[in-house]
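Architecture and fold: a report
So the chains spell out like this:
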Amino acid sequence: MDGKESNGKMLEKAIPSCCLKAMACNPEYDAQCHSTVTPGWFSQVQNFGKDTEEVYFHNPMCPVEAHSLKVKKVLFQGNSEYQEVLVFESASYGNVLVLDGLIQLTEKDECAYQEMITHLPLCSIQSPKSVLVVGGGDGGVLREISRHNSVKHIDICEIDKLVIDVSKQYFPEIAIRFDDPRVHLHVGDAVEFLQQAPAGKSDAIIVDPSDPVGRSSWVSLFVLLAYKQPLGNEAFEGPAEQLVEKPFLEMIARALRPGGVLCNMAESMWLHTHLIEELISVCREMFKGSVNYAWTTVPTYPSSSIGFLFCSTEGPSVDFIHPVNPIGNLDGAMKQPRELQFYNSEMHSASSALPTFVKKEVSSLRDTIKLA
């Protein structure tokens, strides 16, 4: 793989090396590389003067970066039909959920992700009533949606029941709202669910795939679309592989009401500004309303940050920067089922403020975010 597109004519557009890495990854091999020692990285140390060793879990974050957490105790390790699930108690981040060797959440910093991916879209529209969660088996997004008393119906479509069961047992403050009467749990394929969903049913759809292949495949989808590579199924073998195909985005757009919103992860601005650029371009083609990028800090994620992309369908205008449905105005929302840890209206607006280098490199954002 030489990093250039070839269609039998002139070699045209170079594919960045970090994207080549993502496209060439072998999920089956990567799933085996989650031990405390990984070739090329030092992640286990001898506790001098004692007979025992201090063990560190190695989290492979990107080709040139790694993050290790000190392990106090392994709480669960098992395999579902789709992936390996590991839970351990860490020394500084509480319990940690790991899927196929990649950290999905920790008790300490999950609030920065769960609260932002939920309230950024839901506080951008007036009185959302019907919400669909794709993935989200750990229950964190459900917990946050439940703060919105205008919401009367919540569908959650999670393919891996083991993720739900393990989360209920080891993350009781996160997986706390599965018994909410508004919640309708569908254990199965989100693509099949969306195919059968009535058009225009949802006010908001939040895509939070609970497997690392599904999360990383959003990157690969836009790489392939941007560089006109074939969408081969062999590149996306995992429980969320169909979530990366373009028809899936079309099904989401169909399921949303006019002016309805989609929120999904959109990479770290520190690692993939070129992918953010292409992602925004594709979504502007698919969704005819507003498109916006925001970000938050999550210490245990690659580069300690993650981005979100917001899209709205054609219809009533959506302002993703200034919340029209402030969470502080919702009865009990700030404290139930527990106090908000991260999100507030100031953070909402601030999350769309971008560093100068991102404003320069992601030109498609200049239409919505004024250059200072």
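Right above here is the structure, for reference.
Residues numbered from 1 in each chain as written. Predicted model: local features only at pLDDT ≥ 70, side-chain atom pairs only at ≥ 80, totals over all residues. Heavy atoms only, no water.

This next bit is on the overall build of the protein chain. Helices and strands together make up the secondary structure of the protein chain, namely 11 helices and 13 strands. Counting over 372 residues, the protein chain shows a buried share of 55%. Relative to all contacts within the protein chain whose residues are 6 or more apart in sequence, the contacts with residues 24 or more apart total 67%. In the structure as shown, the protein chain presents an accessible area of about 16300 Å², 52% of it carried by carbon and sulfur atoms. (Helix = DSSP H or I, 4+ residues; strand = E, 2+ residues; numbered from the N terminus. Buried < 20%, exposed > 50% of the residue type's maximum accessible area, 1.4 Å probe, protein only. Contact = heavy atoms within 4.5 Å. Areas by Shrake-Rupley, 256 points an atom, 1.4 Å probe, with all protein chains shown as cover.)

Another point: the sheet that holds strand β7 (residues 130–135). Spatially, 7 strands are ordered β9-β8-β7-β10-β11-β13-β12 in an open sheet, and the strand pairing comes out mixed. Each having just a single partner strand, β9 (183–187) and β12 (291–297) make up the two edges of the open sheet. Direction aside, the axes of adjacent strands within the sheet are offset by 15° on average. Pairing between strand β11 (residues 256–265) and strand β13 (residues 305–312): 5 bridges, direction antiparallel. In the strand pairing of β13, Val-261 is matched with Ser-312. Packing of helix α9 (residues 273–286) onto the sheet brings it into contact with β11, β12 and β13, and relative to β12 it is tilted by some 140°. (Pairing = 2+ DSSP bridges. Axes fitted to C-alpha atoms, helices over the stretch in contact; angles between N-to-C directions.)

In a regular helix each residue adds 1.5 Å, so 13 residues correspond to 18 Å; helix α3 (residues 110–122) covers 18 Å between its end C-alpha atoms and thus fits that length. Along α3, the helix axis deviates most sharply at Met-116, where the bend reaches about 25°. Counting buried positions along α3 gives 13 out of 13 residues, so the element sits mostly inside the fold. (Expected span 1.5 Å × (residues − 1). Bend = angle between axes of the 7 residues up to and from the residue.)

Bringing α9 into the picture now. Its 14 residues give α9 an end-to-end C-alpha distance of 20 Å, which sits within 8% of 20 Å, the value for a rise of 1.5 Å per residue. Among all positions in α9, only Thr-273, Leu-275, Ile-276, Glu-277, Glu-278, Leu-279, Ile-280, Val-282, Cys-283 and Met-286 are buried.

Looking now at the side chain of Thr-118. As for its placement among the helices and strands, Thr-118 is situated in helix α3. When its relative accessible area of 0% is taken as the criterion, Thr-118 is described as buried. Reaching out from Thr-118, the side chain makes a polar contact with the backbone oxygen of Gln-114 at a distance of 2.8 Å. Contacts of Thr-118, omitting those with residues within four sequence positions, involve Val-141, Glu-144, Ile-145 and Ile-206. (Polar contact = N/O pair within 3.5 Å; in protein donor to acceptor, adjacent residues only side chain to side chain.)

Let's shift gears to the nonpolar core. Within the largest apolar cluster, 38 residues are counted, with the highest numbers of intra-cluster contacts made by Tyr-113, Ile-145 and Phe-308. Breaking this core down by element, the ones donating at least two residues are α3, β7, α4 (140–145), β8 (153–158), β10 (202–208), β11 and β13. Looking at which element gives the most residues to this core, the answer is α3, with 6 residues. If we ignore the near neighbours within four places in the chain, the residues touching Phe-308 are Tyr-113, Met-116, Ile-117, Leu-120, Cys-263, Asn-264, Met-265, Ala-266, Asn-292, Tyr-293, Ala-294 and Thr-296. (Core = buried A, V, L, I, M, F, W, Y, C linked by side-chain atoms within 4.5 Å.)

Next up on the list: the pattern of salt bridges. Inspection of the entire model under this criterion finds 10 salt bridges. The salt bridge partner of Glu-89 is Lys-72, with a shortest N-O separation of 3.5 Å. Of this pair, Glu-89 sits in strand β4 (residues 84–90) while Lys-72 sits in strand β3 (residues 65–79); the two residues are 17 residues apart in sequence, bridging distant segments of the chain. One salt bridge in this structure joins Arg-143 and Glu-110, with 3.0 Å as the shortest N-O distance. Of this pair, Arg-143 sits in helix α4 while Glu-110 sits in helix α3; the two residues are 33 residues apart in sequence, bridging distant segments of the chain. Each member of the pair Arg-143 and Glu-110 is classed as buried. (Salt bridge = Lys/Arg side-chain N within 4 Å of Asp/Glu carboxyl O.)

Moving on: the pairing of β13. Within β13, 8 of the 8 residues are buried, which leaves the element mostly enclosed by the surrounding structure. Taken together, the 7 bridges between β12 and β13 define a ladder with antiparallel strand orientation. By the bridge assignment, Thr-297 is partnered in β13 with Ser-305.

Let us look at the environment of Leu-354. By secondary structure assignment, the location of Leu-354 is in the loop between α10 (345–350) and α11 (356–361). Considering only alpha carbons, one finds Leu-354 and Met-269, 85 residues apart in sequence, at a separation of 9.1 Å.

Taken as a whole and assessed by the stated rule, the structure comprises 6 aromatic pairs. With centroids separated by 5.1 Å and ring planes inclined at 40°, the aromatic side chains of Trp-270 and Phe-357 adopt a geometry described as tilted. Of this pair, Trp-270 sits in the loop between β11 and α9 while Phe-357 is found in helix α11, placing the two residues 87 residues apart along the sequence. The class of Phe-357 is partly exposed, set by a relative accessible area of 27%. Ring pairing ties together the aromatic residues Tyr-113, Tyr-301, Phe-308, Phe-310 and Phe-320, which thus form one cluster. Above the face of the Tyr-93 ring, Lys-108 is positioned so that its terminal group lies 5.2 Å from the ring centre. (Phe/Tyr/Trp six-rings, centres within 6.5 Å; stacked < 30°, edge-to-face > 60°. Lys NZ or Arg CZ within 6 Å of the ring centre and 35° of its normal.)

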